[in-house]
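What follows is the residue order along each chain.
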Amino acid sequence: MSVGEGTSPKAAGTPLAQRLNYLFANMHPPGAPYTNAHVAEEISSGTDAYGGVTLTEQYLSMLRNAKRANPSPDVLRALAKFFGVPVGYLLGDLSESQAERVEEEVQFLVAMRDQRVRAIALRSVGLPPEVQDSLSEIICQFRRQMNLPDGPPDSGGETSGGGD
């Protein structure tokens, strides 16, 4: 039951269903993923925050199962706001690189749920850039020793530092 594993926005179904399922699998507080009922209730009860949209658990289920694929722009805006992503991500209006950037941000948030990862990141704050680069290289060396890619999971194996 590891977070974010086995769920990719490129899975079966419509692009909207794929992206919604990806967000449900990854964008949630520590513990269990959101349920359709929870998301529908949050959006429907927070009428001011979500533009007065009323969403049912059943309709959300149909969107996620690709039985409905053309929700109103208001529904898409509410879902995007709930999950904290641009509405263009759900609409499929983003370029491939923009959509990948959204998914990288999602993976970053997933990683930051891990207290140990968060502690490492926070301890590096304030250190000079060359020290942060050294720490990054040390982590890459450990990853190589464990036959893991240099970069974080699902990043294509590239680090933001760009070099060996």
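Rules used in this analysis
- Residues numbered from 1 in each chain as written.
- Predicted model: local features only at pLDDT ≥ 70, side-chain atom pairs only at ≥ 80, totals over all residues.
- Heavy atoms only, no water.
- Axes fitted to C-alpha atoms, helices over the stretch in contact; angles between N-to-C directions.
- Helix = DSSP H or I, 4+ residues; strand = E, 2+ residues; numbered from the N terminus.
- Parallel < 35°, antiparallel > 145°, perpendicular 65-115°, else oblique.
- Left-handed = near helix turned anticlockwise from the far one by under 90°.
- Contact = heavy atoms within 4.5 Å.
- Core = buried A, V, L, I, M, F, W, Y, C linked by side-chain atoms within 4.5 Å.
- Buried < 20%, exposed > 50% of the residue type's maximum accessible area, 1.4 Å probe, protein only.
- Phe/Tyr/Trp six-rings, centres within 6.5 Å; stacked < 30°, edge-to-face > 60°.
- Lys NZ or Arg CZ within 6 Å of the ring centre and 35° of its normal.
- Lys, Arg positive; Asp, Glu negative; His and termini not counted.
- Salt bridge = Lys/Arg side-chain N within 4 Å of Asp/Glu carboxyl O.

Caption draft 1: Representation of the packing of helix α1 (residues 15-26) against helix α6 (residues 96-112) in the model. It is at 10 Å that the axes of α1 and α6 come closest, and there the two elements cross at 20 degrees. Viewed along their axes, α1 and α6 adopt a mutual orientation that is roughly parallel. Read as a crossing pair, α1 and α6 show a hand that is left-handed. Between α1 and α6, the contacting residues are Arg-19, Tyr-22, Leu-23 and Asn-26 on the first element and Ala-99, Glu-103, Val-106, Gln-107 and Val-110 on the second.

Caption draft 2: Layout of the nonpolar core. Ranked by internal contacts, the top residues of the largest apolar core, which has 28 residues, are Leu-23, Val-39, Ile-43, Leu-79, Phe-83, Tyr-89 and Leu-90. Of all the elements, helix α4 (residues 73-83) adds the most residues to this core, at 7 residues. If we skip the residues at most four places from it in the chain, Phe-83 touches Leu-23, Phe-24, Met-27, Tyr-34 and Val-39.

Caption draft 3: Structural context of the packing of aromatic side chains. Considering all chains together, one arrives at 5 aromatic pairs under this definition. For the ring pair Tyr-50 and Phe-82, a centre distance of 6.5 Å and an interplane angle of 40 degrees mean the geometry is tilted. Remark: Phe-82 occurs in helix α4 and Tyr-50 occurs in the loop between α2 (36-45) and α3 (57-64); sequence separation between them is 32 residues. For the pair formed by Tyr-50 and Phe-82, the shared burial category is buried. In textbook terms, an aromatic cluster arises when at least three aromatic residues are bridged by ring pairs, as seen for Phe-24, Tyr-34, Tyr-50, Phe-82 and Phe-83. The side chain of Arg-19 reaches across the aromatic face of Tyr-89, ending 5.2 Å from its centre. Sitting over the face of the ring of Phe-24, Arg-64 holds its NZ or CZ atom 3.7 Å from the ring centroid.

Caption draft 4: How the structure looks around unusual backbone geometry. One non-glycine residue, Ala-66, adopts positive backbone phi at about 60 degrees. Tracing the backbone shows Ala-66 in the loop between α3 and α4. The class of Ala-66 is partly exposed, set by a relative accessible area of 31%. Not every positive phi belongs to a glycine, and Asn-147 is a case in point at roughly 60 degrees. Owing to a relative accessible area of 71%, Asn-147 belongs among the exposed residues under this scheme.

Caption draft 5: Seen up close, the environment of Val-117. Looking at the secondary structure, you find Val-117 in helix α7 (residues 115-124). A residue is classified by how much of its surface remains accessible, and Val-117, at 34% relative accessible area, is partly exposed. If we skip the residues at most four places from it in the chain, Val-117 touches Ala-111 and Met-112.

Caption draft 6: Broad picture of the environment of Leu-76. For Leu-76, the position within the fold is in helix α4. With relative accessibility at 6%, the residue Leu-76 sits in the buried group. Leu-76 sits 15 residues away from Leu-91 along the chain, and the two C-alpha atoms are 7.5 Å apart. Once you skip the residues sitting within four places of it in the chain, Leu-76 turns out to touch Leu-16, Pro-71, Val-87, Leu-90 and Leu-91.

Caption draft 7: Seen up close, the side chain of Arg-19. Inspection of the secondary structure assignment puts Arg-19 in helix α1. No salt bridge is formed by the buried Arg-19; the nearest opposite charge belongs to Glu-103, separated by 4.7 Å. If we skip the residues at most four places from it in the chain, Arg-19 touches Tyr-89, Leu-90, Gly-92 and Ala-99.

Caption draft 8: Representation of the pattern of salt bridges in the model. Scanning the entire structure with this criterion turns up 2 salt bridges. Put simply, Glu-137 and Arg-144 hold a salt bridge, and the shortest N to O gap is 3.3 Å. Judged by its relative accessible area of 34%, Arg-144 falls in the partly exposed class.

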